[in-house]
Amino acid sequence: MQSPPLTALPLFPLQSVLFPGGLLPLRIFEVRYLDMVRRCHEAGTPFGVVCLQQGSEVLRPPQPGEPGQAGKPAPPSGDGFANETFFDVGTLARIDDLQRPQPGLMMIRCTGMQRFRVLRREKLRHGLWTADVELLADDPMVAVPDDLAHTRTAFKHLVARIEDQIAQPAERPLLPPYQWDDCGWLANRWSELLPLDPGLKQRFMSLDNPLVRLELVADTLGQMGFKLPS
């Protein structure tokens, strides 16, 4: 049964991709997001993370000579604002921790939840985006086939190195439970840690078939020259 659409979901366009089950730390200082994050945290509701196709995560300040009204500063503008566009498929982000180290600054830690597809988008005053979205189905559990077992073995070695180098579990880029034999989980975690172009990560995240996603990740590892065990 398909979930009903979510309406007026607040969006956070980023130059990165959030995968279901992934971790996302954010440093929030723009007014348009400070209020949005505060409201989501207080209500216990998620916001949506979408990957930018064009534009900037941070609105640039008005430049000298740009007009304001009645002596007031001009509103945020420029390519990072007026031409902000993003992909249609994103991921819900749940706020797990919020800190306010100083006025006008929030440090949050989020977990990726369910994917969604944007049906209708609207840019509000001051540049905040909201959207009506349809939730996409969670990945089915697909066991890692024998011909892709090398990606699992290599990732286990990578995780062991991360655990040796980063003593505090909360500071690691991924946390247990590790679902070693799940194609979707394995492909998502590889995609997060590899230094890939955001457009390619978006392509992987948007795929509905977790086996195909892992196959493409394996191909990418080979193209990047990763020496995977046979």
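Now for a look at the structure at hand. (Residues numbered from 1 in each chain as written. Predicted model: local features only at pLDDT ≥ 70, side-chain atom pairs only at ≥ 80, totals over all residues. Heavy atoms only, no water.)

Some words on the packing of aromatic side chains
Taken as a whole and assessed by the stated rule, the structure comprises nine aromatic pairs. Between the aromatic rings of F12 and Y33, the centroid separation amounts to 3.9 Å while the plane-to-plane angle is 15°, which identifies the pairing as stacked. With F12 in strand β1 (residues 6-14) and Y33 in helix α1 (residues 31-43), this pair connects stretches of sequence that are 21 residues apart. In this pair, the class of F12 matches that of Y33, namely buried. A network of ring pairs unites the aromatic residues F155, Y178, W180, W185 and W190 as a single cluster. (Phe/Tyr/Trp six-rings, centres within 6.5 Å; stacked < 30°, edge-to-face > 60°. Helix = DSSP H or I, 4+ residues; strand = E, 2+ residues; numbered from the N terminus. Buried < 20%, exposed > 50% of the residue type's maximum accessible area, 1.4 Å probe, protein only.)

Here's the deal with the pairing of strand β5 (residues 89-102)
Pairing of strand β3 (residues 47-54) with β5 involves three bridges; the strand directions are antiparallel. Residue G48 lies in a different strand from β5, and its bridge partner there is L92. Here β5 runs beside strand β6 (residues 105-123); their pairing, made up of ten bridges, is antiparallel. When the sheet's bridge partners are listed, D97 is paired in β6 with R109. (Pairing = 2+ DSSP bridges.)

Quick word on unusual backbone geometry
Look at the link from P176 to P177: it is a cis peptide, with omega at 5°. Backbone geometry places A8, a non-glycine residue, at a positive phi of 55°. As for its placement among the helices and strands, A8 is situated in strand β1. Despite not being glycine, H126 has its phi angle at roughly 70°, a positive value. Mapped onto the secondary structure, H126 falls in the loop between β6 and β7 (129-135).

Some details on helix α6 (residues 210-223)
Side chains three or four residues apart in an α-helix point the same way, a direct result of the helix having 3.6 residues per turn. For α6, spanning 14 residues, the distance from its first C-alpha to its last is 20 Å, which sits close to the expected 20 Å at 1.5 Å a residue. Taken as a whole, α6 has its buried residues at P210, R213, L214, L216, V217, A218, T220 and L221. The inward-facing, buried residues of α6 abut α3 (149-165), α4 (183-193) and α5 (198-206). Near the N-terminus of α6, the side chain that reaches the backbone nitrogen of L211, with its oxygen 2.9 Å away, is that of N209. (Expected span 1.5 Å × (residues − 1). Contact = heavy atoms within 4.5 Å. Polar contact = N/O pair within 3.5 Å; in protein donor to acceptor, adjacent residues only side chain to side chain.)

Notes on the pattern of salt bridges
Inspection of every chain in the model, using the stated rule, returns 14 salt bridges. With its nearest N and O atoms 2.9 Å apart, the salt bridge here joins R115 to D208. Of the two residues, R115 is situated in strand β6 and D208 in the loop between α5 and α6; the sequence distance between them amounts to 93 residues. In this structure, R117 and E134 form a salt bridge, with 3.4 Å as the shortest nitrogen-oxygen distance. Here E134 lies in strand β7 and R117 lies in strand β6, a separation of 17 residues in the sequence. For R117, a relative accessible area of 31% puts it in the partly exposed group. (Salt bridge = Lys/Arg side-chain N within 4 Å of Asp/Glu carboxyl O.)

Here's the deal with a negative patch on the surface
Together, D146, D147, E215 and D219 make up a region of like negative charge exposed at the surface. Its place among the elements puts D146 in the loop between β7 and α3. (Patch = residues over 30% accessible without salt bridge, like charges linked within 9 Å, V, L, I, M, F, W, Y side chains within 5 Å. Areas by Shrake-Rupley, 256 points an atom, 1.4 Å probe, with all protein chains shown as cover. Lys, Arg positive; Asp, Glu negative; His and termini not counted. Charge placed at Lys NZ, Arg CZ, Asp CG, Glu CD.)

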